[in-house]
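Coordinate inspection notes
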Amino acid sequence: MEFAELIKTPRADNVVLHRPFYLAVEGTLCLTGHHLIFSSRRQDNAEELWLLHSNIDSIEKRFVGSLGTIIIKCKDLRIIQLDIPGMEECLNIASSIEALSTLDSVTLMYPFFYRPMFEIVEDGWRSFLPDQEFELLSSVTDEWRLSCINKEFSVCPSYPPVVVVPKSIDDEALRKVAMFRHGSRFPVLSYYHKKNGMVMMRSSQPLTGTNGRRCKEDEKLINATLRPGKRGYIIDTRSLNVAQQARAKGGGFEQEAHYPQWRRIHKCIERFNILQESLIKLVEACNDQSHNMDRWLSKLEASNWLTHIKEILTAACLAAQCIDREGASVLVHGTEGTDSTLQVTSLAQIILDPRCRTIRGFESLVVREWLQAGHPFQQRCAQSAYSNSKQKWEAPVFLLFLDCVWQILRQFPCSFEFNEQFLIMLFEHAYASQFGTFLGNNENERSKLKLPQKTMSLWSWVNRSEELSKFQNPLFEANSLVIWPSVAPQSLQLWEGVFLRWNRPSKFLDEAHEEMINIIKYNKELQAKVNALRRQLAEMETDDRMQENL
Amino acid sequence: VENVRLLDRLSSRKAALGTLYLTATHVIFVENVSETRKETWVLHSQISSIEKQATTATGCPLLIRCKNFQVIQLVIPQERDCHDVYISLIRLARPVKYEELYCFSFNPKLDKEEREQGWKLVDLNEEYNRMGIPNNYWQISDVNRDYGVCDSYPTEVYVPKSATAHIIVGSSKFRSRRRFPALSYYCKDNNASICRSSQPLSGFSARCLEDEQMLQAIRKANPGSDFIYVVDTRPKLNAMANRAAGKGYENEDNYSNIKFQFIGIENIHVMRNSLQKMLEVCELKSPSMSDFLWGLENSGWLKHIKAIMDAGIFIAKAVAEEGVSVLVHCSDGWDRTAQVCSVASLLLDPYYRTMKGFMVLVEKDWVSFGHKFNHRYGNLDGDPKEISPVMDQFIECVWQLMEQFPCAFEFNERFLIHIQHHIYSCQFGNFLCNSQKERRELKIQERTYSLWAHLWKNRANYLNPLYRSDHGQTQGTLRPQMAPCNFLYKFWSGMYNRFEKGLHPRQSVTDYLMAVKEETQQLEEELEVLGERLANLQKSQLNDDKVRSKQQDRSKQLGLSTSDNSLANTPQEYSNDLKSFPSRSPSQGDEEDSALILTQDNLKSSDPDLSANSDQESGVEDLSCRSPSGGGCLPSEDSGKDSDEAVFLAV
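Residues numbered from 1 in each chain as written. Chains lettered and ligands numbered in written order. Predicted model: local features only at pLDDT ≥ 70, side-chain atom pairs only at ≥ 80, totals over all residues. Heavy atoms only, no water.

Residue and element names in this part refer to chain A. An order of β10-β11-β14-β12-β13 is seen for the five strands of this open sheet, with the pairing classed as mixed. Two strands bound the open sheet, and with one partner strand each, they are β10 (188-193) and β13 (262-266). When the angles between neighbouring strand axes are averaged without regard to direction, this sheet yields 20°. For strand β12 (residues 232-236) and strand β14 (residues 329-333), the ladder comprises five bridges, and the chain directions are parallel. In the strand pairing of β14, D236 is matched with H333. (Pairing = 2+ DSSP bridges. Helix = DSSP H or I, 4+ residues; strand = E, 2+ residues; numbered from the N terminus. Axes fitted to C-alpha atoms, helices over the stretch in contact; angles between N-to-C directions.)

In structure tokens:
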């Protein structure tokens, strides 16, 4: 297919661009296969807006006489308006945008066409390989092994080719366990807590069904993670009710009788459509132009977004607490083990593991616990808050995770190497990107699409020092401790950086941030100067002394 | 009373055993734990209510709510003791004479001269001079010399030059409590001004020539403009109802060249109830997100804050952008009018956003113009219907602005919180009584100390590290977003959940930056010294005479480098501290080790009398709010952390 076929009017002049907090700008609009480009015609400082078609969530058109107006709502939540003279041009442009922003085939997406303008220092596709992770693990314990059982994605289509499992469990047993778990997602290692050797595993629900099927190998596998005489916790991210209902469909949960050494705790983290609706309502509230203070608070409340944040954080804190405080191992699962499970396991690691609070460590966490763990990014992030379609696979699961990280970052502003911008950047790229990192739903699909060969990795771009400097938190002081966030309503806030990003003036806050950077930069400069002088003095003094001795 | 238990509000499992003391001024609780002997001090004047609850098996619970939003729950073993404490506190918390208040016994060990200096720190005449007054248009009037015209006004009042004593007195007779229009703020760049008064006694049709002349005089004092705004900060309905009582608002037909404007800020009773409702929400034990947001909205608190802000923004805009003078009033002109005038001044003039300027502002718009501190904050036992968080609201408005303009204020959040504390504490004389007249009669300045001097002495603790006097945000008028930015107004947990340290961010950016800046300063000094030494050394190397100077230098260096190291190590030292924390048995489920709370130490050092009041422990997250038991889960299966623990303990 040629993109040109979809573009009937590639260019329109005298288009007026409206954005909140900016003056309207007149200029030229161009459509290319992947971008909408607006360029002001002013000579002095020509302003350009480049918008990826894949970033467009929905468009609306209106006509007043022959002046057409297109309102474009983006997945990053921004809304822009274009006034386009000429009914036909406007209609053409609108239909092109519509078609180009909803391409069916992944291979037509921009990452397959994007050619980086920067020098590639490090191939991000090879930055976080499971073997490297495992090497770190095997330096502290020998109770685990890398299993290649899923080499051709033959056992579990949503798992990566290699997974970490208890050494005492052979591949044959794993195969049997896979049959007993939803989508074959048998329990694998998610996190090893060096401090006390406790572990966090994740899986999908067991397929007990209504007549209470059991699987000896499954029991053996998860018991293999326990220390003698110790107990563990199973954190089921569904409410007991939901878990019980799941039995009717062949799913279920671990019965006490068969897992006597495990205690099950039910938390209730909502699923896809409920989360998606919550996001839609929240963004609606944020964009509400009414003047009434009360309406704002009740709409915020009605969206339930912060309730979800609180639930997810609470479950993650509980998992972290079981591991660090109770000295117990933990197994986390919901139904499929690809959404709420990953929210809990990844947040628990942020709380427990200082490494995950560094930039590199956080990237590695996203790779391990989201990309390799098979969170279906393509399905979940196909649409954002302005979607009209009621497809049921979209959900802001990853955005909720990022929001929770932001909440912890806000409570521990000096304990993270990265800043809020880093999280916002990840949110943007998960929904629309020039990089291939978030394409596909799992490693299986990614390897079929040959993404590492055909597209550029987000990490190749981010981890260059030019980019990294934008994402560094000037307040960072390595904190080796476990950090326990508060989940009280008073402590949780709306993530303005994402949800009010386009409807609040940010000038003063940006200035404050800059001021902060300058204060710290100046301090570092002085420190360097003082150290240099001290060194110089010391040298001169020793010279002196030597002369004296002579 | 011995063997009293102080309960932790968030968790019933964490109770401290100790001894309760009642002194003439404080309630003091001292923990039994020998190595810490942690003390909790509460001033009697901070007590807002005391509640005796039903006796339980463990003893008799006593709930003390404080005006600084601290809630203290005590359990006293003996019913009789509890009753005695209760009765005494009721009496002690409601003094009937000013002389009983803490400020008359409080002695910070300053001599007479220092005390007098303290009171001179804020000088309103100086302030009006700073504004450029007296000038061609405005003058000081001695018409209220002996409080003869208006007993709630100061003796020195600034009025338009063309307003004769006759006009002023005439106008005062036409205004509630004789509070005639007087100058609050003057903008020397464009001659526009903010004046304040009470409502006119217009009834349905009454007029007063002198009052009309007075407003005319205000307009004439601003030659650039041909009208003035008259802003009535009340809701229209309230103002109209007042007409039936012979009061009301200005009729545009009778006054030449005024534009009349209502801005609906509710009255003190509505505000009192609103705060009450919000505090109930803050006190909820492990509320859900919905409970909290619903409660917050239901209280209407943020709506009221926004109304005050909007009024201030309107006036600041009229003065700065339109160059039009504004007369502000409400009913009596000492609550809403004070709020709105001071918010407008704060927006208009960067000086008021400095620490000193803010003191001046409070002194000008609140203290001197007869805001009824005693009645509003219940310092002496009085009519509970007079109590209302008027000044609290103003302080919150400042905080909301600080959130929107992080670099614009010289002071930080702590400064505001401490001022709020002292409105109620009666530890200093500034906010005593209802008017200047009463304060003079009581000889406050000779008998008590000034809060401003105290805050000024400790100003290093109140600095906003992001403030720079040459920064763009510190210049000119602040222009906050007007509606529809409702989301700009946020719940202030730092104030209303002030004592629940566990709810606040565990690391304070402000404190961190303050430490960095302090270190920077030391580095600057060291750099200078090192530079000198280097120069000396070079010189001495040239000359052959070196030994002596070097030795001197070396000793100097030692002193310096240690002080520097200790600073550079602040964060590490901090975590070392934490590591040395006794590790706890897991069954306790406590989460001490992560509590990186820089604030506490700073609070302690910054204001000893304050921190003594606050419960210093914690900063530690409590589990009961982390895993709300019951939340939709069946109790048999799950969950509250307590039950898990129980299992573990049994094993």
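As a further point, take the side chain of B:R196. All names here are of chain B. For R196, the location among the structural elements is in strand β11 (residues 193-197). Within the local environment of R196, its side chain forms a polar contact with the backbone oxygen of G333, the two atoms lying 3.0 Å apart. Among the polar contacts made by the side chain of R196, one reaches the main-chain carbonyl oxygen of D365 at a distance of 2.8 Å. (Polar contact = N/O pair within 3.5 Å; in protein donor to acceptor, adjacent residues only side chain to side chain.)

Before going further, it helps to spend a moment on a nonpolar patch on the surface. Residues and elements named next belong to chain A. A grouping of F63, M87 and L91 is seen on the molecular surface, where their side chains present a nonpolar patch of about 240 Å² in accessible area. Inspection of the secondary structure puts L91 in helix α2 (residues 87-100). Judged by its relative accessible area of 35%, L91 is partly exposed. (Patch = residues over 30% accessible without salt bridge, like charges linked within 9 Å, V, L, I, M, F, W, Y side chains within 5 Å. Areas by Shrake-Rupley, 256 points an atom, 1.4 Å probe, with all protein chains shown as cover. Salt bridge = Lys/Arg side-chain N within 4 Å of Asp/Glu carboxyl O. Buried < 20%, exposed > 50% of the residue type's maximum accessible area, 1.4 Å probe, protein only.)

By convention here, two paired aromatic rings are described through the distance between centres and the angle between planes. Taken as a whole and judged by the stated rule, the model has 55 aromatic pairs over all chains. Considering the side-chain rings of A:F362 and A:F401, the 5.9 Å spacing of their centres and the 5° angle between planes classify their relative orientation as stacked. A residue pair is termed long-range when its members are at least 10 positions apart, and A:F362 in helix α11 (residues 359-372) and A:F401 in helix α13 (residues 397-411) qualify at 39 residues. Consider the rings of B:W399 and B:W492, whose centres lie 5.0 Å apart with planes at 10°: the pair is stacked. With B:W399 in helix α13 (residues 390-404) and B:W492 in the loop between α17 (451-457) and α18 (493-496), this pair connects stretches of sequence that are 93 residues apart. You'll find B:W399 and B:W492 in the same group, each marked buried. Through a chain of ring-to-ring contacts, the aromatic side chains of A:F362, A:W370, A:F377, A:F398, A:F401, A:F416, A:F418, A:F422, A:F438 and A:F471 assemble into a single cluster. It is B:K259 that lies over the ring of B:F227; its NZ or CZ is 4.2 Å from the centre. (Phe/Tyr/Trp six-rings, centres within 6.5 Å; stacked < 30°, edge-to-face > 60°. Lys NZ or Arg CZ within 6 Å of the ring centre and 35° of its normal.)

Looking now at the nonpolar core. Core analysis: the biggest nonpolar cluster contains 231 residues, and A:F362, A:F499, B:F358 and B:Y496 have the highest contact counts within it. The greatest single-element share of this core, amounting to 13 residues, is contributed by helix α9 (residues 305-324) of chain A. If we ignore the near neighbours within four places in the chain, the residues touching A:F499 are A:L77, A:L279, A:L282, A:V283, A:C286, A:W305, A:L399, A:D403 and A:L494. A:L137, A:V177, A:M201 and A:L226 belong to the second largest nonpolar core, which has 30 residues in total. (Core = buried A, V, L, I, M, F, W, Y, C linked by side-chain atoms within 4.5 Å. Contact = heavy atoms within 4.5 Å.)

For the rest of this paragraph, the subject is the sheet that holds strand β12 (residues 228-232) of chain B. All names here are of chain B. Pairing within the open sheet is mixed, and its five strands lie in the order β10-β11-β14-β12-β13. Edge positions in the open sheet fall to β10 (182-186) and β13 (258-262), since each of these has one partner strand only. Each strand of the sheet is rotated relative to its neighbour by a mean of 25°, with strand direction disregarded. Judged from the four bridges that link them, β11 and strand β14 (residues 326-329) form a sheet pairing that is parallel. The partner of C195 across the bridge, within β14, is L327. Where helix α10 (residues 336-348) meets the sheet, it contacts β10, β11 and β14, and its direction lies at approximately 170° from that of β11.

Quick look at the pattern of salt bridges now. This structure, assessed with the given rule, holds 59 salt bridges over all chains. One salt bridge in this structure joins B:E116 and B:K112, with 3.5 Å as the shortest N-O distance. Of this pair, B:E116 and B:K112 both sit in helix α2 (residues 112-120), four residues apart, which is roughly one turn of the helix. Note on B:E116: relative accessible area 36%, which makes it partly exposed. The exposure class assigned to B:K112 is exposed, which follows from its relative accessible area of 60%. Residue B:D142 pairs with B:R145 through a salt bridge whose shortest N-O separation is 3.1 Å. Each of A:R464, A:E466, A:E467 and A:K470 takes part in salt bridges that share partners, so that together they form one network.

To continue, consider the UniProt feature "domain: Tyrosine specific protein phosphatases" (unreviewed entry) in chain B. The feature "domain: Tyrosine specific protein phosphatases" (unreviewed entry), as annotated in UniProt, sits at residues 299-343 of chain B in this numbering. Annotated as residues 299-343 of chain B, this span is 69% helix and 9% strand, and its ends, taken at the C-alpha atoms, are 22 Å apart. (UniProt positions renumbered as here; feature names shortened; annotations may be inferred.)

Below, the discussion takes up helix α3 (residues 124-131) of chain B. Residues and elements named next belong to chain B. Within the sequence span of α3, burial applies to E127, Y128 and M131. What you see down the axis of α3 is that its buried residues fit within an arc of 95°, all on one side. Along its buried surface, α3 packs onto β9 (157-160), β10 and α11 (355-368). N-cap assignment for α3: the residue whose side-chain oxygen lies 2.9 Å from the backbone N of N125 is D123. (Arc of directions from axis to C-beta.)

Turning to α9(A), a few remarks are in order. An ideal rise of 1.5 Å per residue puts 28 Å on 20 residues; α9(A) measures up with 28 Å between its terminal C-alpha atoms. Buried residues dominate α9(A), accounting for 19 of its 20 residues. (Expected span 1.5 Å × (residues − 1).)

For the rest of this paragraph, the subject is the side chain of B:S388. All names here are of chain B. Its place among the elements puts S388 in the loop between α12 (373-376) and α13. You can call S388 buried: its relative accessible area is 2%. Within the structure, S388 has its side chain in polar contact with the backbone oxygen of I268 (distance 2.9 Å). Look past the residues within four positions of S388 in its chain and what remains in contact with it is I268, M271, R272, R376 and Y377.

This part takes up unusual backbone geometry. Residues B:I133 and B:P134 are joined by a peptide bond in cis, for which omega reads 0°. Mapped onto the fold, B:P134 is located in the loop between α3 and β8 (138-141). Even without being glycine, A:N14 reaches a positive phi, approximately 55°. Mapped onto the fold, A:N14 is located in strand β1 (residues 11-18). Residue A:F153 is not a glycine yet carries a positive backbone phi of 55°. Note that A:F153 resides in the loop between β8 (144-147) and β9 (163-166). The class for A:F153 is buried, based on a relative accessible area of 13%.

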